Amino acid sequence: MQLATLTARSPASHAPLTGTTKCPGCGLAVPATLGPTHAYVGASPGCWELYRRLSTAPYARAPGSRLRRLVEDAYAVQHPGVPGRRSLQSVAVHLMGLCTLLEREAQERRLVPVLGRMPARKTMDLHWLEPPARNGRLNVNHVIEAGFENGHAKAVEAWARDVWRAWAPHHATVHGWLDAPCRHGD
Ligand SMILES: [Zn+2]
């Protein structure tokens, strides 16, 4: 699942046009805009615009690269939205992505092609996980402020680790999903 390729929708008509809005996901305060948001990723239009800028940066043009995946996973987990089938699956899949990249990278290089069919092929019980009250201290803006040269990779890593750490109460659940046995032949 790649966030950058998902469909966007128009913002709610009651969105304020002036002042700043606080992103419901990461808490980032950015000038209010009427830009598009995502169908189930819980981000403000201004924050979503920053994510789009980050995900279209030159480094990100290689789908499946570690940095691109970290950006997608960290952003999705930091913007869980509200409970629903698609949002809970998104958060679960991207939490598994963070866990794999940050804790298990050498062991599970095949995660990406497996993800699309994971709910059907693995005996895992994906369900909504209550987001942490403080969903990380770093956000997409910290990465952008670090620039796209020397400090970029380090900033992405720090952001992803920060978000993953914020979800520590659910790490055991995520480990359980990743370690669930496969049902071959389904
Ligand atoms: Zn945000």
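Here, every reference points to the structure presented above.
Description of the structure in this document. (Residues numbered from 1 in each chain as written. Predicted model: local features only at pLDDT ≥ 70, side-chain atom pairs only at ≥ 80, totals over all residues.)

## Observations concerning the nonpolar core
Formally: Put simply, a nonpolar core is buried Ala, Val, Leu, Ile, Met, Phe, Trp, Tyr and Cys residues tied into one set by C-beta atoms within 7 Å. Once C-beta atoms are placed from the backbone, each residue is buried if 20 or more other C-beta atoms lie within 10 Å of its own, exposed if 12 or fewer, and partly exposed for counts between those two. Secondary structure elements are taken from DSSP: a helix is a run of H or I of four residues or more, a strand is a run of E of two residues or more, and numbering for both begins at the N terminus. We call two residues in contact when their backbone-placed C-beta atoms lie within 7 Å.
By size, the foremost hydrophobic cluster in this structure holds 35 residues, and its most contacted members are Ala74, Leu95 and Leu98. Among the elements of the structure, helix H1 (45-55), helix H2 (66-78), helix H3 (85-103), helix H6 (140-145), helix H7 (152-166) and helix H8 (171-178) are those that each provide at least two residues to this core. Considering every element that reaches this core, the biggest residue donor is H3, with eight residues. Setting aside anything within four residues of it in sequence, one finds Ala74 in contact with Leu98, Trp159, Ala160 and Val163.

## Some thoughts on the packing of H3 against H8
Threshold: A fitted line through C-alpha atoms serves as each axis, taken over the contacting stretch for helices, and the angle formed by two N-to-C directions is quoted from 0 to 180°. Every angle not falling under 35 degrees, over 145, or within 65 to 115 is termed oblique; those three ranges are roughly parallel, roughly antiparallel and roughly perpendicular. Each residue is assigned to one class: nonpolar for Ala, Val, Leu, Ile, Met, Phe, Trp, Tyr, Cys and Pro, charged for Asp, Glu, Lys and Arg, and polar for all the others, Gly among them.
Direction vectors running N to C along H3 and H8 enclose 90°, while the axes themselves pass 10 Å from each other. In terms of orientation, H3 lies roughly perpendicular with respect to H8. Here Ala92, Leu95, Met96, Cys99 and Thr100 of H3 come into contact with H8, specifically with Val174, His175, Trp177 and Leu178. Classifying every residue of the contact of H3 with H8 by side-chain character gives seven nonpolar, two polar and no charged.

## A few points about the environment of Gly176
The topology assignment puts Gly176 in helix H8. For Gly176, a count of 12 C-beta atoms within 10 Å corresponds to the exposed category. Remark: the alpha-carbon pair of Gly176 and Met124, spanning 52 residues in sequence, is separated by 7.8 Å.

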